[in-house]
Amino acid sequence: MKKKVLQFAWALLLAIGMPCYLQAESKLPPSRMKLLDHGINIPNLLHETNKFNSFQSEDLKKMKALGIANVRIPVEIGYILPGIKTAGLKDPSTKNDCDHALARLDTFVENFVKAGFPVTLTLFMHEQYVQLPVEESKTLLLQAMDALSSRYGKKYNPDQMFFDVNEPYYDAEAWNSITPVLVETIRKNAPNHTILIEPCHSETNFIAQLKPVKDPNIVYAMHIYYPSGFTLQGQPGKGKPNPDLRFPDPKQTEQKLEAWMRKGIDWAASNKVPLIMNEFGCSNAADSQSRLTWVKTVRKLAEKYELPWSYWSFSGKLFGLKPSQTSAYDPALVEALSNTPAQIPEAK
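Residues numbered from 1 in each chain as written. Predicted model: local features only at pLDDT ≥ 70, side-chain atom pairs only at ≥ 80, totals over all residues. Heavy atoms only, no water.

A.B. asks: Break down the sheet that holds strand β3 (residues 119-124) for me, citing the residues and quoting the values.
C.D. replies: Strand order across the open sheet formed by 8 strands is β7-β6-β5-β4-β3-β2-β1-β8, with parallel pairing between neighbours. Each edge of the sheet is formed by a strand with only one pairing partner; in this case those strands are β7 (275-280) and β8 (310-311). Here strand β5 (residues 195-197) pairs with strand β6 (residues 218-224) via 3 bridges, running parallel. Opposite L196, over in β6, you have V219 as the bridge partner. Strands in contact with helix α7 (residues 172-189) are β4 (161-165), β5 and β6; relative to β5, the strand with the most contacts, it is inclined by about 170 degrees. Where helix α11 (residues 288-304) meets the sheet, its contacts fall on β6, β7 and β8, and the angle it forms with β7 comes to roughly 170 degrees. (Pairing = 2+ DSSP bridges. Helix = DSSP H or I, 4+ residues; strand = E, 2+ residues; numbered from the N terminus. Contact = heavy atoms within 4.5 Å. Axes fitted to C-alpha atoms, helices over the stretch in contact; angles between N-to-C directions.)

A.B. asks: Residues and numbers for the packing of aromatic side chains, please.
C.D. replies: As enumerated under the stated definition, the model contains 10 aromatic pairs in all. On the basis of an interplanar angle of 40 degrees and a centroid distance of 6.3 Å, the ring pair of F280 and W294 is categorised as tilted. Taken together, the residues F280 in strand β7 and W294 in helix α11 connect sequence positions 14 residues apart. Judged by its relative accessible area of 0%, W294 is buried. An aromatic cluster is defined as three or more aromatic residues linked by ring pairs; in this entry it consists of F280, W294, W309 and Y311. The cationic tip of K62 hangs over the ring face of Y329; the distance from NZ or CZ to the ring centre is 5.3 Å. Sitting above the plane of the F117 ring, K64 keeps its charged end 4.6 Å from the centroid. (Phe/Tyr/Trp six-rings, centres within 6.5 Å; stacked < 30°, edge-to-face > 60°. Buried < 20%, exposed > 50% of the residue type's maximum accessible area, 1.4 Å probe, protein only. Lys NZ or Arg CZ within 6 Å of the ring centre and 35° of its normal.)

A.B. asks: Residue-level account of the nonpolar core, with values.
C.D. replies: In terms of nonpolar packing, the biggest core is built from 90 residues, with F112 and L121 touching the most fellow members. Beyond its immediate stretch of four places on either side in the chain, F112 contacts I42, L45, F55, L60, V71, I73, F117 and V119. Residues L28, M33, L36 and F162 belong to the second largest nonpolar core, which totals 8 residues. (Core = buried A, V, L, I, M, F, W, Y, C linked by side-chain atoms within 4.5 Å.)

A.B. asks: Before we move on, can you summarise unusual backbone geometry with the specific residues and values?
C.D. replies: Most peptide bonds are trans, and most residues other than glycine sit at a negative phi. Along the chain, F247 connects to P248 via a cis peptide bond; the corresponding omega equals -5 degrees. For P248, the location among the structural elements is in the loop between α9 (228-231) and α10 (254-271). Even without glycine at this site, H201 takes up a positive phi of about 60 degrees. For H201, the location among the structural elements is in the loop between β5 and α8 (204-207).

A.B. asks: Go over the packing of helix α6 (residues 134-153) against α7, please, and point to the residues and values.
C.D. replies: Look at α6 against α7: their axes get within 9 Å of each other, and the N-to-C directions meet at 25 degrees. Classed by the angle they form, the pair α6 and α7 counts as roughly parallel. Between α6 and α7 lies a crossing of right-handed hand. Residues V134, K138, L141, L142, M145, D146, S149, S150 and G153 of α6 lie in contact with α7, whose contacting residues are A174, W175, I178, V181, L182, T185, I186, K188 and N189. (Parallel < 35°, antiparallel > 145°, perpendicular 65-115°, else oblique. Left-handed = near helix turned anticlockwise from the far one by under 90°.)

A.B. asks: Can you break down the environment of A174 residue by residue, with the values?
C.D. replies: With respect to the helices, strands and loops of the structure, A174 is situated in helix α7. Taking the C-alpha atoms as reference points, A174 and C200, separated by 26 residues in sequence, lie 9.5 Å from one another.

A.B. asks: Please set out the pairing of β4 residue by residue, giving values where relevant.
C.D. replies: With respect to burial, β4 is a largely interior element, 5 of its 5 residues being buried. The side-chain alternation of β4 yields two buried faces, one formed by M161, F163 and V165 and the other by F162 and D164. The sheet contact formed by β4 and β5 spans 2 bridges and is parallel. By the bridge assignment, D164 is partnered in β5 with L196. Considered for its hand, the β-α-β crossover made up of β4, α7 and β5 is right-handed. (Right-handed = clockwise from strand over helix to strand, strands pointing away.)

Okay, structure coming up:
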């Protein structure tokens, strides 16, 4: 009887056109998608700076207590391939730089996996490399992903390790030509691991131009920072923080935020592919109450559409759950990311 009721419910949803990524005819087991839910990004372990963050056992316990279930680790390409200019290094990276950095990554990955956190390694290949001729930057990207998947795909099983390329700075035509080759490159080393593919710049505005890859073990991903003028305050190139901006307000409402997220959700449903939101976050330079409301609203909408999510980020002065190595945890983010359902505070 229960099965018939569920079948009727799904038929009704399809009839009225209600989008849900679970309509996608994915061959991924539901358990694999669940592994990608309630995650957090952990920058500055191996990207952007040589002043790497530390990560203590107490941090792992805190994440467990919050219900955080997986981690996404940005890996700067200059710490995988020598000879590349990398933020934090005065000169292009050397083999010694890469050996040291990868040994450091080995330790963190092992600690996370032992603690029960599946790991997504996401290649950060900044815009200056993609401004190279496409074939040249493509070669670097494939070399880096071959190195990552070879090093970790054979050591960790598909429920422990995922692979991703962050915010590809290509146009749609170039990126659509690269993604099948990228998948083939990873498959040589990790034939059964799930690969994450993001649209150009990881923006929902570009997801309609993304062509799904003919591989049954792919999850597609998007980032949500809408409206960026509000969420990215204080970021380089985003102008000075504006204390008068609020969320919600007449120009930036929950309905508009939902419509923005629906661009990705509807695309995934129409293409019958699974989708996650592997980044969302709001700068603490924003009005504090509005920030809390925005984070909780995005989480509420993600859970409404059964969309696995990962917050940006664990550390960092603007977005961090822990703004610095020595600071306390941000109480508002602790509240917003805890394992209890998101409740939206009343606007003041």
